[in-house]
Amino acid sequence: MIRGIRPLLRGSTYSGVLFAYCGALASLPLLPLALLPALSWRSAPESVQIVLVLLVWAVLVGVVGLARPVRRALVVSARRLLQVPLPNPVAGRRTSGSLGLDRWRTPIWLVLHVAVGWTGALASGVLFIMGLSLPGNWLGGEARASLFGTSVRVSGGWSWVVAAVCILLAVAVCVVVTKALRWSAPRLLGPSAAERLALAAERELLLAERNRLAHELHDSIGHTLTAATIQAAVAGEVLAADPAAARAALRSIEESTRAALEDLDYVLGVLREDQSGTAPTRTLADLPELLDRLRHAGAVVEPALSGDLAQVQGTLSRAAYRILQEGLTNALRHGAGGPVEVRVAAGPDALDLTVVNRTGARTGPGPGAFPTSGHGLPGLAERVRLLHGEFQAGPDGTQHWRLAVRLPVRVSA
């Protein structure tokens, strides 16, 4: 018995019964309209009139369910009262499944909601009244229970037993009503196949945008912090012996951090859905500035540029800049000093990017090691894959590390 009563003690059962009864009561304003056909056909048998009223009533309820605001209200109320995890309907989309059944899912749910609500309200109401009324004559009196023309006399102590059974049955009806609505809500109010595809597409776009922002932050902020740390160490080392070099290093820190702040402001604006303006773009045209910042950090950079870099534009040019920035950042973090070779070759069909540096413990001023997230090379590989390019990274001999990327070029007319 305790297990049978336990479901009623849950808040979801109370709210579910309330949800069912509210649906039944909300259909009452449509009842006068449903009575009109029966009133105009008084010669029909009573059973036919009852069936006609119920059919017209169900049609009117279903027509109300065709309105989009009704579905949204039903989803919100079912989510709160039935405690069913239902996503909001996809706004601005009309979905149609096989035979156009998708648009009728909400009317079917509304008719089911009203039918279950009235059935549960009548059954539980009758049972509760019987359970409260029968024990009134338990001191030797006699009670009679009648339902649908069937009459049963209940007298003596049996009235308490029958009353308890009626109360338990009323509780069972409430639980069944809630279970039925909770089972049918995801199937009729949940997203259809077309809406699930739309939701999946929106989630994919959101994840792609988050990945892009993560790459931008990793490339820009990671490079800036690495370069600024090394430049600050260089400035501290040469401050007394070479003030001009120290001032140059500090100016480079200022320029690089200002550029990183622009990137950070843009990303935060996108995350807050503010009007963040145009995204700051870094292209191959900004490569000389990037190489100068590395030189101020004490690195020896040996660039080798060939081909017409002006033909590399748009997304390809921005991606090439970020790839070189990440490769040079890794060279600063993990390199062992010595020259860093940077090769950029623009051909008619492909853009080749190469960064080669010595490996081992870092020498010279600056920290001996930098903490890393481990997402640099995987992020580069993902970026290259999206551009249908080729990616290689690994040891080049015994003392060098080589990053090589080949990206297909589309020459703009």
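- The protein chain carries the name histidine kinase in an unreviewed UniProt entry, which gives Kitasatospora kazusensis as its organism.
- Taken directly from UniProt, the Catalytic activity (unreviewed entry) text for the protein chain runs: "ATP + protein L-histidine = ADP + protein N-phospho-L-histidine."

**A short note on the pattern of salt bridges**
- What the rule picks out here adds up to 3 salt bridges.
- The partner of Glu341 in a salt bridge is Arg343, with the nearest N and O atoms 2.6 Å apart.
- The class for Glu341 is partly exposed, based on a relative accessible area of 27%.

**With respect to the environment of Val56**
- Positionally, Val56 belongs in helix 4 (residues 46-64).
- Residues Val56 and Ala34, spaced 22 residues apart in sequence, show a C-alpha to C-alpha distance of 5.2 Å.
- If near-sequence neighbours (up to four positions away) are discounted, Val56 is found in contact with Leu33, Ala34 and Pro37.

**Comments concerning the packing of helix 4 against helix 6 (residues 105-133)**
- Where helix 4 contacts helix 6, the axes come no closer than 7 Å and their chain directions differ by 130°. Taken as axis vectors, helix 4 and helix 6 run oblique relative to one another. The crossing of helix 4 and helix 6 is right-handed. For the pair helix 4 and helix 6, contact is made by Trp57, Ala58, Val61, Gly62 and Val64 and by Pro107, Leu110, Val111, Val114 and Trp118, respectively.

**Things to note about the sheet that holds strand 5 (residues 350-358)**
- On the basis of which strands lie adjacent, the open sheet formed by 5 strands has the order 3-4-5-7-6 and mixed pairing. Two strands bound the open sheet, and with one partner strand each, they are strand 3 (300-307) and strand 6 (390-395). When the angles between neighbouring strand axes are averaged without regard to direction, this sheet yields 5°.
- Here strand 4 (residues 339-346) runs beside strand 5; their pairing, made up of 6 bridges, is antiparallel. Bridging across to strand 5, Glu341 finds its partner in Val356.
- Contacting strand 3 and strand 4, helix 10 (residues 287-296) crosses the sheet at an angle of about 165° to strand 3.
- Against the sheet, helix 11 (residues 314-334) touches strand 4, strand 5 and strand 7 (400-408), its axis set at about 10° to strand 5.

**Here we look at the nonpolar core**
- Counting residues in each nonpolar core, the largest one holds 29 residues, and the members touching the most others are Leu324, Leu328, Val342, Leu351 and Leu353.
- If you list the elements that add at least two residues to this core, you get helix 10, helix 11, strand 4, strand 5, helix 12 (376-386) and strand 7.
- Sorting elements by how many residues they give to this core places helix 11 first, with 8 residues.
- In contact with Leu328, not counting residues within four places along its chain, are Leu290, Leu291, Leu294, Val340, Val342 and Val355.

**Observations regarding the pairing of strand 4**
- Where burial is concerned, the two faces of strand 4 differ: the one with Val340, Val342, Val344 and Ala346 is buried and the one with Pro339, Glu341, Arg343 and Ala345 is not.
- In this sheet, strand 4 lies alongside strand 3 in parallel orientation, the contact comprising 8 bridges. By the bridge assignment for strand 4, Ala304 is matched with Arg343.
- Between the end of strand 4 and the start of strand 5, which pair antiparallel, lie 3 residues.

**Some thoughts on the packing of helix 5 (residues 68-82) against helix 6**
- Their axes nearest at 11 Å, the elements helix 5 and helix 6 cross at an angle of 50°. Classified by the interaxial angle, the pair formed by helix 5 and helix 6 is oblique. Seen along the crossing, helix 5 lies across helix 6 with a hand that is left-handed. Touching Val70, Arg71, Leu74 and Leu82 of helix 5 are Arg105, Thr106, Trp109, Leu110 and His113, all from helix 6.
- Considered class by class, the residues forming the contact of helix 5 with helix 6 number 5 nonpolar, 2 polar and 2 charged.

**Topic: helix 5**
- Here helix 5 spans 20 Å end to end across 15 residues, near enough to the 21 Å set by a 1.5 Å rise per residue.
- Three or more residues of helix 5 are buried, namely Arg71, Leu74, Val75, Ala78 and Leu82. One side of helix 5 carries all its buried residues, which in axial view fall inside an arc of 100°. In helix 5, the exposed positions angled more than 90 degrees off the buried face are occupied by Pro69 and Arg80.
- Of the residues one or two after helix 5, Gln83 is the one with positive phi, at around 60°.

Parameters and conventions
Residues numbered from 1 in each chain as written. Predicted model: local features only at pLDDT ≥ 70, side-chain atom pairs only at ≥ 80, totals over all residues. Heavy atoms only, no water. UniProt positions renumbered as here; feature names shortened; annotations may be inferred. Salt bridge = Lys/Arg side-chain N within 4 Å of Asp/Glu carboxyl O. Buried < 20%, exposed > 50% of the residue type's maximum accessible area, 1.4 Å probe, protein only. Helix = DSSP H or I, 4+ residues; strand = E, 2+ residues; numbered from the N terminus. Contact = heavy atoms within 4.5 Å. Axes fitted to C-alpha atoms, helices over the stretch in contact; angles between N-to-C directions. Parallel < 35°, antiparallel > 145°, perpendicular 65-115°, else oblique. Left-handed = near helix turned anticlockwise from the far one by under 90°. Pairing = 2+ DSSP bridges. Core = buried A, V, L, I, M, F, W, Y, C linked by side-chain atoms within 4.5 Å. Nonpolar A, V, L, I, M, F, W, Y, C, P; charged D, E, K, R; others polar. Expected span 1.5 Å × (residues − 1). Arc of directions from axis to C-beta.

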